[in-house]
Amino acid sequence: MIYLQEIGTSHYLKPYVSKREGVESYLFLLVRKGAGELVYQNTRCLLEQGACALVNCNRPYSLSSIKDLWTLSWMHFNGPTMRAIYEKYIERCGEPCFLAENPENFIKLHQRISSIAEVNSWVRDMELMQEITALLTELMRECWKKALESFNKGSQIRWGAVKAYIDKNYLEEIKLDQLAEKFSVNKYYLLRKFKEFYGVTVTQYIVQQRITKTKELLRFSELSIAEVADKSGYSDITYFTRCLKNSKHDAGGV
């Protein structure tokens, strides 16, 4: 069951900065007025009027008002399924925040949840879960649309740059977290979109490039298997041999 912890709307009368981590909660917020900034998971988001954010409060994050003081509608909630739901949200959205196309929908949902929380009812917990689920559904719907629009506008530039970087550095160890940080994109979003664009995962593409290099060395050099493995980016001979055998099986031989 997803359950409500706290809910409210805050009007700030002076510059505001908040840093938190290690809290077993998920935070939804909507900027009703003014502007501020969210720093979370190596991502810096400008939160303008109409912006929404969903944050895992167990991880470090900070909120600060900038320029104009702001008004925030916010809500803390949690539940056994929230970790999986949040991972799906980040995977689909790519970022923890976005500018809502229909912020009034989130205002209405926030108001309904707040009203239900004030009433002592036998079914209050179920009603709260229903409305929080509706809020999460609306978040998924809006953020997915925004992420798709962003991808369509800049896909050839962004993913072409990712591919070019791998083409240049595939012989080195390429860690997904570092790749995502370099191109300022969530790693789950990078994985999904790279596969959509090129038909293979990042890892599969790196392996393909290394195997191509391996075939060239085996055909046109007199290097030993160990030397070929090293020059193809493999430090583990056993893993290298297995990849090579799989490649022979898939492609009908080297």
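As the structure is a computational prediction, the values presented were derived from the model and not from experiment. One numbering rule holds for all chains: residues counted from 1, following each sequence as written. Given that this is a predicted model, residues contribute local features only at a pLDDT of at least 70 and side-chain atom pairs are listed and counted only at 80 or more, while totals for whole chains, interfaces and linings are drawn from all residues. Side-chain figures throughout are based on the complete set of non-hydrogen atoms in the structure, without hydrogens or water.

Trainee: Pulling in residues and values, what's your account of helix H1 (residues 82-93)?
Mentor: Secondary structure counts use DSSP, requiring at least four H or I residues in a row for a helix and at least two E residues in a row for a strand, with both numbered from the N terminus. A helix is expected to span 1.5 Å for every residue after the first. Along its 12 residues, H1 runs 16 Å from first to last C-alpha, staying within 8% of the 16 Å computed at 1.5 Å per residue. Buried residues are those whose accessible area, probed at 1.4 Å on protein chains only, stays under 20% of the maximum for their type, while exposed residues exceed 50% and partly exposed ones sit between those limits. Taken residue by residue, H1 has Met82, Tyr86, Tyr89, Ile90 and Cys93 as its buried positions. One face of H1 carries all of its buried residues, which in axial projection span an arc of 95°. Throughout, the arc means that of the directions going from the helix axis to the C-beta atoms.

Trainee: Any chance you could break down the nonpolar core for me, citing the residues and the numbers?
Mentor: In summary, soluble globular proteins display a tendency toward joint burial of nonpolar side chains. Counting residues in hydrophobic clusters, the biggest one holds 43 residues, and the most contacted among them are Phe28, Leu47, Phe77, Tyr89 and Leu139. In this description, contact between two residues means that some pair of their heavy atoms is separated by no more than 4.5 Å. Look past the residues within four positions of Leu47 in its chain and what remains in contact with it is Leu29, Val31, Gly34, Ala35, Gly36, Glu37, Leu38, Leu63, Trp70 and Cys97. Among buried residues, the Ala, Val, Leu, Ile, Met, Phe, Trp, Tyr and Cys ones that are joined through side-chain atoms within 4.5 Å form a nonpolar core. Judged by nonpolar contacts, the second largest core, of 15 residues, contains Leu179, Ala180, Leu190 and Ile206.

Trainee: Mind laying out the sheet that holds strand E4 (residues 36-40), listing which residues take part and the relevant values?
Mentor: When DSSP finds at least two bridges between two strands, those strands are taken to pair. One open sheet accounts for four strands, arranged E2-E7-E4-E5; its pairing is antiparallel. Among the strands making up the open sheet, the edge pair consists of strand E2 (17-20) and strand E5 (43-47). Here the strands of the sheet are splayed against their neighbours by 10° on average, with no regard to which way each runs. Bridge count between E4 and E5: five bridges; the pairing is antiparallel. For Leu38, the partnering residue across the bridge sits in E5 and is Cys45. Orientation is described by axes fitted as lines to C-alpha atoms, over the contacting stretch for helices, and by angles from 0 to 180 degrees between their N-to-C directions.

Trainee: An account of the state of the cysteines is needed here, citing residue identities and associated values.
Mentor: Disulfide assignment relies on a single distance test, namely cysteine sulfur atoms paired within 2.5 Å. For the structure on display, the rule yields one disulfide. Here Cys45 connects covalently by a disulfide to Cys97, the sulfurs 2.4 Å from one another. In this structure, the disulfide formed by Cys45 and Cys97 twists by about -115° around the S-S bond and is classed as left-handed. Placement of the pair is Cys45 in strand E5 and Cys97 in strand E9 (residues 97-99), with a sequence separation of 52 residues.

Trainee: Go over a nonpolar patch on the surface, please, and point to the residues and values.
Mentor: Among the surface-exposed residues, Met1, Trp122, Val123 and Met126 lie close enough to one another that they form a single nonpolar patch of about 520 Å² accessible area. Following the sequence through the fold, Val123 ends up in the loop between helix H2 (103-117) and helix H3 (124-169). Patch membership needs two things, relative accessible area over 30% and no salt bridge, and members are linked within 9 Å if like-charged or within 5 Å if nonpolar (Val, Leu, Ile, Met, Phe, Trp, Tyr). Working definition of accessibility: Shrake-Rupley area with a 1.4 Å probe, residue cover restricted to the visible protein chains. Note on definitions: salt bridges are taken to be side-chain nitrogens of Lys or Arg within 4 Å of carboxyl oxygens of Asp or Glu.

Trainee: Lay out the pattern of salt bridges with the relevant residues and their values.
Mentor: Opposite charge on two side chains permits them to pair, given that their charged atoms come into close proximity. A full pass over the atoms with the stated rule returns four salt bridges. In this structure, Arg112 and Glu131 form a salt bridge, with 3.1 Å as the shortest nitrogen-oxygen distance. Residue Arg112 is located in helix H2, and its partner Glu131 is located in helix H3; the two are separated by 19 residues in the primary sequence. Arg112 gets classed as partly exposed once you look at its relative accessible area, which sits at 40%. Overall, the relative accessible area of 14% leaves Glu131 in the buried class. Measuring nitrogen to oxygen at the nearest pair gives 2.5 Å for the salt bridge that ties Glu138 to Arg141.

Nothing here speaks to function; it is all geometry.
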